[in-house]
Amino acid sequence: MLARSAVVAVLLSAAPAVALACSPDAVDVVGKAGSVSFSVEIADEPEERRRGLMFRQSMPTDAGMLFLFDVPHQASFWMRNTFIPLDIIFLDASGTVLNVAERTVPFSETPHLSDGLATAVLEVNAGLAEAHGIGPGAQVRHPAFAAQQGALACD
């Protein structure tokens, strides 16, 4: 019986990755410390992107905002009128993390830039990127990201 279980385990580990269902109001992030999910608000219109998380006094730990852009570009974010310290996670078209601006300072107008062409930015509470091992190369799963080689695909 043990040998049969070992064979099944080997077959399962060799099986191709299966696309998982995604929700437009959630992201799954796989970093060095494992997987974490965030409930997200989408900012995909110019006014939504401009306002972002400004003027909010707090945000639940498992929440964030996902900014989606029509054209990949070097993204620049600041903390004007933002009360909440944030981690700003810059993402490419496949949902791969380009870089993270960690523990940004509320109200600062210092620009935080993407290391490359970003198609999205995920903002979460400060310290969560480090706590979950989210850094360059980590993968984000959401319907907005193209299923490219190595990317976490949605079905």
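The preceding data block contains the structure.
Conventions used here
- Residues numbered from 1 in each chain as written.
- Predicted model: local features only at pLDDT ≥ 70, side-chain atom pairs only at ≥ 80, totals over all residues.
- Heavy atoms only, no water.
- Patch = residues over 30% accessible without salt bridge, like charges linked within 9 Å, V, L, I, M, F, W, Y side chains within 5 Å.
- Areas by Shrake-Rupley, 256 points an atom, 1.4 Å probe, with all protein chains shown as cover.
- Salt bridge = Lys/Arg side-chain N within 4 Å of Asp/Glu carboxyl O.
- Helix = DSSP H or I, 4+ residues; strand = E, 2+ residues; numbered from the N terminus.
- 1 Å grid on protein atoms, 1.4 Å probe; cavity = no way out; pocket = protein on both sides within 12 Å on 5 of 7 lines; lining within 4 Å.
- Points joined across faces, edges and corners; volume = space filled by probe spheres on them.
- Buried < 20%, exposed > 50% of the residue type's maximum accessible area, 1.4 Å probe, protein only.
- Pairing = 2+ DSSP bridges.

Asker: What's the story with a nonpolar patch on the surface in this structure? I'm lost.
Answerer: The grouping of Phe55, Phe83 and Phe107 at the surface amounts to a nonpolar patch, some 290 Å² of accessible area in total. Inspection of the secondary structure assignment puts Phe83 in the loop between strand S4 (76-77) and strand S5 (86-91).

Asker: Sorry, what's going on with the layout of surface pockets here?
Answerer: To locate leftover empty space, one rolls a probe as large as a water molecule over the atoms. The calculated volume of the largest pocket comes to roughly 200 Å³. Along the wall of the largest pocket there are 15 residues; nearest its centre are Arg49, Arg50, Met54, Phe77 and Trp78. Breaking the lining of the largest pocket down by element, the ones donating at least two residues are helix H2 (46-51) and S4. Among the elements that take part in the lining of the largest pocket, H2 stands out by supplying three residues, more than any other.

Asker: Would you mind going over the pattern of salt bridges with me for this structure?
Answerer: If the charged atoms of two oppositely charged side chains come close together, the side chains can form a pair. Under the defined criterion, the tally for this structure stands at five salt bridges. A salt bridge links Arg141 to Asp28; the shortest N-O distance between them is 2.3 Å. Taken as a pair, Arg141 in strand S9 (residues 139-141) and Asp28 in strand S1 (residues 26-31) lie far apart in primary sequence, 113 residues in all. A salt bridge links Glu130 to Arg103, with the nearest nitrogen and oxygen atoms 3.1 Å apart. With Glu130 in helix H3 (residues 128-131) and Arg103 in the loop between strand S6 (97-101) and strand S7 (112-113), the pair connects residues that are 27 residues apart, well separated along the chain. When its relative accessible area of 52% is taken as the criterion, Glu130 is described as exposed. Look at Arg103 and you get partly exposed, because its relative accessible area is 48%.

Asker: Just checking my understanding: could you explain the pairing of strand S3 (residues 63-73) for this structure?
Answerer: In regular strands, side chains alternate between the two faces of the sheet. Pairing of strand S2 (residues 34-43) with S3 involves five bridges; the strand directions are parallel. Within S3, the residue paired with Ala43 across the bridge is Phe67. Relative to strand S8 (residues 118-125), S3 runs antiparallel, the two being bridged by six bridges. When the sheet's bridge partners are listed, Phe67 is paired in S8 with Val121.

Everything listed here is a matter of geometry and, on its own, says nothing about what the molecule does.
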